[in-house]
Amino acid sequence: MAKPSNIIELECSACGKKHDPSREQHLCTCGKPLLARYDLRRAAATLTFESLKTRPRTLWRYAEVLPNDPPVSLGEGMTALVHTERLGASMGLKRLYVKDEGLNPTGSFKARGITVAVTRAKQLGAKALAAPTAGNAGGALAAYAAAAGLPAVIVMPADTPYANIMECQAFGAKVVKLNGLISDCGKYVAEHKDGEGWYDVSTLKEPYRVEGKKTMGYELWEQFERKLPDVILYPTGGGVGLIGMCKAFDEMQKMGWIGSERPRMVAVQAEGCAPIVKAWEAHQDSAQFFPNAATIASGLRVPGPLGDHLILSMLRQTNGTAITVTDDEMLQAGRELASLEGIFAAPEGAATVIAARKLAASAWIKPQDTVVLFNTGTGYKYAEAWQRALQFAQTE
Ligand SMILES: *Cc1c(COP(=O)(O)O)cnc(C)c1O
Ligand SMILES: [Zn+2]
C-alpha cells in the first residue's frame, strides 16, 4: 500500500480552488500557480529544532513539510550562512550575512527546487522532463534528470552563459537554443509538451519547485537558532525563492515556531529587467511584461514572471521593498564581495550587495538589523560577464 502523502491538497494561489495532489498537476484552471498544503499540526509533532540535529544535512531534513517520496538527491541544501563582517563594516552593518547558495550541486539554488520537482515527477510516472531556462535551472534539471534516469529537454536563449549550455550537454540533456528570451522558451515548451509527452517543469507551472526553494526559509530559522533575520535581500527573477520563503514563514507560524513578525523582503532586480520594481513603484498588484529585457544576470532576465501577484503581495505584507541595480554595479560588487570575503558570487548574488548598501545609506536598513543577502549562484559559471568586469578593472 502506498504511504499516505504529506500533502493534503494543492490550493490555487489566486482563486483558492483545490486540486488533487496524487495526480500530475500544473496550473489552476484560472491560469495561476498551485501551492502545496500540509497537515501542519501533524508535522509539528515530529519536526522540531531538537529532532533536526540528527537529520541528514540536505534540504530533505524538513521531511514533514515536503513530498514524502524517495528523494532524487545530490546533496542539496544546508548551505553556509557566512557572517560577512568586513563587507558589513563597509556599509555600517554589524550583522550582515551571506547565504551562499553557490555551494549547491550544479552551483546554484535551482538545485533546491529541481530536486523536489524531479522527485515528484518521477513518482508520478513522468517519461521525459522539459523546462525553459535563463541558465541555471537548465543545468540543475539536466543533472537531476540524469540522477533520476529520465531524459530532459532544456530550452534556452541562444545567448545563455556558455557554462550552462555545456553542463546541460554533459548531463546528457537535449538542448534547444532559441533566439529570444526565457518567455519565448516557455512558450516553446508549452506548445510542444503535449505532442512530445514532456512533463513541464517550468517555474511555478508545477507546484513542487517552490516547495524545494522554501527550505531556504527553514534553514535560516535553524541557522539563526530559531530566529529569523530582520531583512532578506533576494535577487528576483521568477521570484520562486521569495514566494517559497514567505510560504515557509507562514508554515512555521502555523507550527508555533514563530509569531506574526516577518523579515522585510527585498526584491532586487536588474535595471535592464525590472518588472516587479516597476509595479512596486506604481503601487500595482500585478506586473506588466518588461520590454527589451537585457542584463548579464541571466537569472534575473525574466520579463513576465508568472508569480508577480504573489511576489508583490509578499513585499507588501512584510513591509518590504523592491530596488534595481545596474550590470556594472553588479560586477563591481561581485569583485568587492570576492576580495573582502572570499565568496565568488553570481552577478545576481552580487546585486544584493549593492542593494543593501543603498538601503543602508537611506536608513531603510538600520545599523542594528540582522540582514541576509542571498548569493543564489556561483560566479564560476559567468565567464563572459567576468571578462567584461576584468576589462573594467584594467582600465581603472
Ligand atoms: C534563477 C536565478 C535567480 C532568480 O530566482 P527566482 O527564484 O526565479 O527569482 C537568481 N539568481 C540566480 C543565480 C538564478 O539562477
Ligand atoms: Zn485558480
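Remember, predicted model here, so these are calculated numbers, not experimental data. (Residues numbered from 1 in each chain as written. Chains lettered and ligands numbered in written order. Predicted model: local features only at pLDDT ≥ 70, side-chain atom pairs only at ≥ 80, totals over all residues. Heavy atoms only, no water.)

Engineer: How should unusual backbone geometry be read in this particular structure?
Structural biologist: For residues besides glycine, phi is generally negative; the peptide bonds are generally trans as well. Phi is positive for Met 78, close to 50°, though the residue is something other than glycine. Its location among the elements puts Met 78 in the loop between helix H2 (49-52) and strand S4 (81-83). Given the relative accessible area of 12%, Met 78 is considered buried. Unusually for a residue other than glycine, His 283 sits at a positive phi of about 55°. Summarising the element assignment, His 283 is placed in the loop between helix H10 (275-281) and helix H11 (308-317). A relative accessible area of 73% places His 283 in the exposed class. (Helix = DSSP H or I, 4+ residues; strand = E, 2+ residues; numbered from the N terminus. Buried < 20%, exposed > 50% of the residue type's maximum accessible area, 1.4 Å probe, protein only.)

Engineer: How should I be thinking about the nonpolar core in this particular structure?
Structural biologist: For soluble globular proteins, the rule of thumb is that nonpolar side chains tend to be buried together. If you look at the biggest cluster of nonpolar residues, it comprises 87 residues, and the most contacted ones within it are Leu 129, Leu 242, Met 245, Met 252 and Leu 315. Considering every element that reaches this core, the biggest residue donor is helix H9 (residues 240-254), with 8 residues. Dropping the residues within four chain positions of it, Leu 315 is found in contact with Leu 242, Met 265, Ala 267, Ile 276, Trp 280, Gly 320, Thr 321 and Ala 322. Counting residues in each nonpolar core, the second largest holds 30 residues, with Val 98, Ala 351, Ala 360 and Ile 365 among its members. (Core = buried A, V, L, I, M, F, W, Y, C linked by side-chain atoms within 4.5 Å. Contact = heavy atoms within 4.5 Å.)

Engineer: What exactly am I supposed to notice about the pattern of salt bridges here?
Structural biologist: Side chains that carry opposite charge are capable of pairing whenever their charged atoms lie near each other. Per the stated rule, a full pass over the model turns up 22 salt bridges. Between Arg 301 and Asp 159 there is a salt bridge; the shortest N-O distance is 3.0 Å. Of this pair, Arg 301 sits in the loop between H10 and H11 while Asp 159 sits in the loop between strand S7 (152-157) and helix H6 (162-170), and the two are 142 residues apart along the sequence. Residue classification places Asp 159 among the exposed residues on the basis of a relative accessible area of 51%. (Salt bridge = Lys/Arg side-chain N within 4 Å of Asp/Glu carboxyl O.)

Engineer: Would you take a moment to explain the site of ligand 1 for this structure?
Structural biologist: Surveying the vicinity of ligand 1 reveals 17 residues, the closest of which are Lys 110, Tyr 234, Gly 237, Gly 239 and Thr 376. Note that an oxygen atom of ligand 1 is positioned 2.8 Å from one of the side-chain N or O atoms of Lys 110. A distance of 3.0 Å is found between an oxygen atom of ligand 1 and a backbone nitrogen or oxygen belonging to Val 240. For the shell around ligand 1, the secondary structure elements donating two or more residues are strand S10 (231-235) and H9. (Near = heavy atom within 4 Å. Polar contact = N/O pair within 3.5 Å; in protein donor to acceptor, adjacent residues only side chain to side chain.)

Engineer: How should the sheet that holds strand S5 (residues 95-100) be read in this particular structure?
Structural biologist: Within a sheet, each strand pairs with its neighbour through backbone hydrogen bonds, oriented either parallel or antiparallel. Spatial ordering of the open sheet is given by S4-S5-S13-S10-S11-S12, a layout of 6 strands whose pairing is mixed. Each of the sheet's edge strands pairs with one partner strand only, and the pair in question is S4 and strand S12 (321-325). Across the sheet, the axes of successive neighbouring strands diverge by a mean angle of 25°, strand direction being ignored. Pairing of S10 with strand S11 (residues 264-270) involves 5 bridges; the strand directions are parallel. By the bridge assignment, Ile 232 is partnered in S11 with Met 265. Strands S4, S5, S11 and S12 of the sheet are contacted by helix H12 (residues 327-341), whose axis makes an angle of about 95° with S12. (Pairing = 2+ DSSP bridges. Axes fitted to C-alpha atoms, helices over the stretch in contact; angles between N-to-C directions.)

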